[in-house]
Amino acid sequence: MTQERKVALVTGASRGIGAAIAQQLIQDGYFVVGTATSESGAEKISATFAENGAGRVLDVRDGAAIDALVTDIEQNFGSVMILVNNAGITKDNLLLRMSEDDWDDILNIHLKAVFRLSKRVLKGMTKARFGRIINISSVVAHFANPGQANYSAAKAGIEAFSRSLAKEMGSRQITVNCIAPGFIATEMTEQLSEDIRKKMSDQVALSRFGEPKDIANAVSFLASDKASYITGTVLHVNGGLYMA
Ligand code: NAP
């Protein structure tokens, strides 16, 4: 089956920010493939998206699985024209207590996966002379947070990677941008105590956490024709927590 609609791939679409991004891209008229780490998560995505997309299993640490997934998408739906690298976790700890495994895992899930997925979809985008790669970074790539040396290094790496790739692919009309969310209300931030959450929102100019929808709206813009002359940039969506 080849889709009339442009195909978008959103990693980590089972919940939180990725689920909101996928729903927004469906509303925008794309055919959306969303990933989860489990079969049940992928089935739930397929059921929710219905004829507007499909759910697939993916662990972004697995290079062979990335290759197989993109091949499956190309054969069944068409080349990926919009890639949203969203999947991610945190493994916070002070550096003195951080294990090498926790360092490697965060660098693999965030930075290496962005390298692998971007590289894999570029062939189809180059052929189409069109593409949008949108990487979900974080305010902590810019704004220091103790206990997140691994995560902030990975996110800063994603931003630098995106600028290089934007230069490499610009002549093919492939844009590469990042969105740096501030504190967004998802399971990732629900793990924090009420007290810490209150202290965090006190630092935000708008005095509240953002919603996944706030990030989805930014993705919708960067994927659209309205953003066709924007590449190599970081769009901060943080309610005024950090002003670049
Ligand atoms: P979340 O609610 O915890 O959801 C994480 C998503 O990533 C889930 O879909 C999960 O799939 C998937 N995932 C986890 N490990 C994976 C792996 N190894 N391979 C593939 N997928 C994996 O997180 P979120 O808050 O929406 O965060 C989404 C993105 O925004 C992340 O990149 C995060 O760093 C970034 N971000 C979040 C905030 C915030 O305040 N929430 C702020 C700045 C940046 P399963 O459901 O199958 O586990």
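Calculation notes
- Residues numbered from 1 in each chain as written.
- Predicted model: local features only at pLDDT ≥ 70, side-chain atom pairs only at ≥ 80, totals over all residues.
- Heavy atoms only, no water.
- UniProt positions renumbered as here; feature names shortened; annotations may be inferred.
- Axes fitted to C-alpha atoms, helices over the stretch in contact; angles between N-to-C directions.
- Helix = DSSP H or I, 4+ residues; strand = E, 2+ residues; numbered from the N terminus.
- Left-handed = near helix turned anticlockwise from the far one by under 90°.
- Contact = heavy atoms within 4.5 Å.
- Near = heavy atom within 4 Å.
- Polar contact = N/O pair within 3.5 Å; in protein donor to acceptor, adjacent residues only side chain to side chain.
- Areas by Shrake-Rupley, 256 points an atom, 1.4 Å probe, with all protein chains shown as cover.
- Phe/Tyr/Trp six-rings, centres within 6.5 Å; stacked < 30°, edge-to-face > 60°.
- Buried < 20%, exposed > 50% of the residue type's maximum accessible area, 1.4 Å probe, protein only.
- Arc of directions from axis to C-beta.

The chain has the name 3-oxoacyl-[acyl-carrier-protein] reductase in an unreviewed UniProt entry, where Acinetobacter gerneri DSM 14967 = CIP 107464 = MTCC 9824 is given as its organism. The UniProt entry for the chain carries the following comment under Sequence similarities (unreviewed entry): "Belongs to the short-chain dehydrogenases/reductases (SDR) family." The chain has a UniProt comment under Catalytic activity (unreviewed entry) that states "a (3R)-hydroxyacyl-[ACP] + NADP(+) = a 3-oxoacyl-[ACP] + NADPH + H(+)".

Here the focus is the packing of helix H3 (residues 63–76) against helix H4 (residues 100–128). Two quantities define a packed helix pair, namely the angle between the helix axes and the distance between the axes. The interhelical angle for the contact between H3 and H4, taken along N-to-C directions, is 30°, at an axis separation of 10 Å. Of the two possible hands of crossing, H3 and H4 adopt the one that is right-handed. Contacts from Gly 63, Ile 66, Asp 67, Val 70, Thr 71 and Glu 74 of H3 reach H4 at Ala 113, Arg 116, Leu 117, Arg 120 and Val 121.

This paragraph deals with the site of the ligand. Taken together, 31 residues lie around the ligand, and Ser 14, Thr 37, Asn 86, Tyr 151 and Thr 186 are the ones closest in. With respect to the ligand, the side chain of Ser 14 contributes an N or O atom lying 2.5 Å from an oxygen atom. Between the ligand and Arg 15 there is a distance of 2.7 Å, counted from an oxygen atom to a side-chain nitrogen or oxygen. Here the ligand has 900 Å² of accessible area as a free molecule, and 92% of this is covered by the chains.

Summed over the entire model, instances satisfying the criterion amount to two aromatic pairs. Where Phe 31 meets Phe 77, the ring centres are 4.6 Å apart and the plane angle is 40°; that geometry is what we call tilted. You can see Phe 31 sitting in strand S2 (residues 31–36) and its partner Phe 77 sitting in the loop between H3 and strand S4 (80–85), a full 46 residues away along the chain. In this pair, the class of Phe 31 matches that of Phe 77, namely buried.

With that settled, the discussion passes to helix H2 (residues 39–49). For H2, the complete set of buried residues consists of Gly 41, Ala 42, Ile 45 and Phe 49. The arc that holds the buried residues of H2, viewed along the axis, is 100°, so those residues lie on one side. Facing away from the buried side of H2, by more than 90 degrees, are the exposed residues Glu 39, Ser 40, Glu 43, Lys 44 and Ala 47. Once H2 finishes, Ala 50 follows within two positions and takes phi at roughly 50°, a positive value.

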